[in-house]
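# Tertiary structure, described
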Amino acid sequence: MTTTLRPTAPEQLGPGGARSRSYEVCVNSRPVGAVELSTDHRFGPAAGRIVRLAIDERDRRRGRGTVAALAAEEVLRGWGCTRIEVSVDAGAEVGLGLAGALGYAERSRNMAKTLTAAPRLPEGTEGRRMTGAEYPGWRAESRAAYAQDWIDRGVPADQAHAKAEADDRALLPGGADTEGAVLRVLTHRGTAVGTLWVALRSAGPGEPDAYVYDVEVVPEHRGRGHGRSLMLLAEAEVLALGARTLGLNVFAGNVPALRLYESLGYAPTAYHLYKPLL
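Here the structure is a predicted model, which means the values were calculated and not measured. (Residues numbered from 1 in each chain as written. Predicted model: local features only at pLDDT ≥ 70, side-chain atom pairs only at ≥ 80, totals over all residues. Heavy atoms only, no water.)

## Examining helix α5 (residues 226-240)
In this model, α5 (15 residues) spans 21 Å end to end at C-alpha, consistent with the 21 Å of a helix rising 1.5 Å per residue. Most of α5 sits inside the fold, with 12 of its 15 residues counted as buried. If you check which residues of α5 are buried, you get His 226, Gly 227, Ser 229, Leu 230, Met 231, Leu 232, Leu 233, Ala 234, Glu 235, Glu 237, Val 238 and Leu 239. Of the residues flanking the end of α5, it is Gly 242, one or two places downstream, whose phi is positive at about 100°. (Helix = DSSP H or I, 4+ residues; strand = E, 2+ residues; numbered from the N terminus. Expected span 1.5 Å × (residues − 1). Buried < 20%, exposed > 50% of the residue type's maximum accessible area, 1.4 Å probe, protein only.)

## Describing the packing of helix α3 (residues 135-151) against helix α4 (residues 157-171)
At a minimum axis separation of 8 Å, α3 and α4 run at an interaxial angle of 140°. Viewed along their axes, α3 and α4 adopt a mutual orientation that is oblique. For the crossing formed where α3 meets α4, the hand is right-handed. Judged by residue contacts, Arg 139, Arg 143, Tyr 146, Ala 147, Trp 150 and Ile 151 of α3 engage Ala 157, Ala 160, His 161, Lys 163, Ala 164, Glu 165, Asp 167 and Asp 168 from α4. Taken together, the residues of the contact of α3 with α4 sort by class into seven nonpolar, one polar and six charged. (Axes fitted to C-alpha atoms, helices over the stretch in contact; angles between N-to-C directions. Parallel < 35°, antiparallel > 145°, perpendicular 65-115°, else oblique. Left-handed = near helix turned anticlockwise from the far one by under 90°. Contact = heavy atoms within 4.5 Å. Nonpolar A, V, L, I, M, F, W, Y, C, P; charged D, E, K, R; others polar.)

## Observations concerning the pattern of salt bridges
One pass over the full model with this rule turns up 28 salt bridges. Here Arg 143 makes a salt bridge to Glu 165, at a shortest N to O gap of 3.5 Å. Residue Arg 143 is located in helix α3, and its partner Glu 165 is located in helix α4; the two are separated by 22 residues in the primary sequence. Accessibility expressed as a relative area gives 23% for Arg 143, which makes it partly exposed. Note that Glu 237 is salt-bridged to Arg 184, the shortest N-O span being 2.9 Å. A residue pair is termed long-range when its members are at least 10 positions apart, and Glu 237 in helix α5 and Arg 184 in strand β9 (residues 181-188) qualify at 53 residues. (Salt bridge = Lys/Arg side-chain N within 4 Å of Asp/Glu carboxyl O.)

Written as structure tokens, this is what we have:
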């Protein structure tokens, strides 16, 4: 039997080389599922994305999804993509297994937690507003570190820096006065030991009410529990603003951060994976 992808609509073209198209997954011309492909708006036309891949219930467990994913990769190669991106819900065990079998590597994962009572910070530890004098240096350092995280995980430097700049403009359009943004400096016995950026967000169905965008402990103060204090501060701040769920993203390989979030009760909600298209 032959598995192919059959277009269901004309290819859609957008600014900057953006492309997208929907397909039926067919076995001997019989539809058995659907695939949606696009270039990734975050990185430009060199990065492709499997937006959705679904196989009908009666045709599952027969390798249809594997063949469809490989066919999708060929389509994206034909578009000139050199990398493919995919996001998989944490509960989609079959999808995660398929991605692993096809050589996709985890770049990061989303995690979330339902908040209840506001936590208390350790004795001698407090959070204060970031000052106007502190903000420019923090913003530049945060943006550079964010770009480097992407570079370290397979994204070309130009794409990583462009994404960091775009996210910065989108998430902090008003700078330190951006509505819903909470920028704090953590102090311990009067000494600044870390910074926090957490914000309320317009949550869609199943999405958290607030999101941690940046947590950073000053290098010489690491290993003393201040990362945990920053997360407790984040929870207290957004609870006070009415949020009841808090989300975050942790990059693959950041084992200390992952262990911290797990110990605080955060659970994965989605995995983001990638694969070079050779």
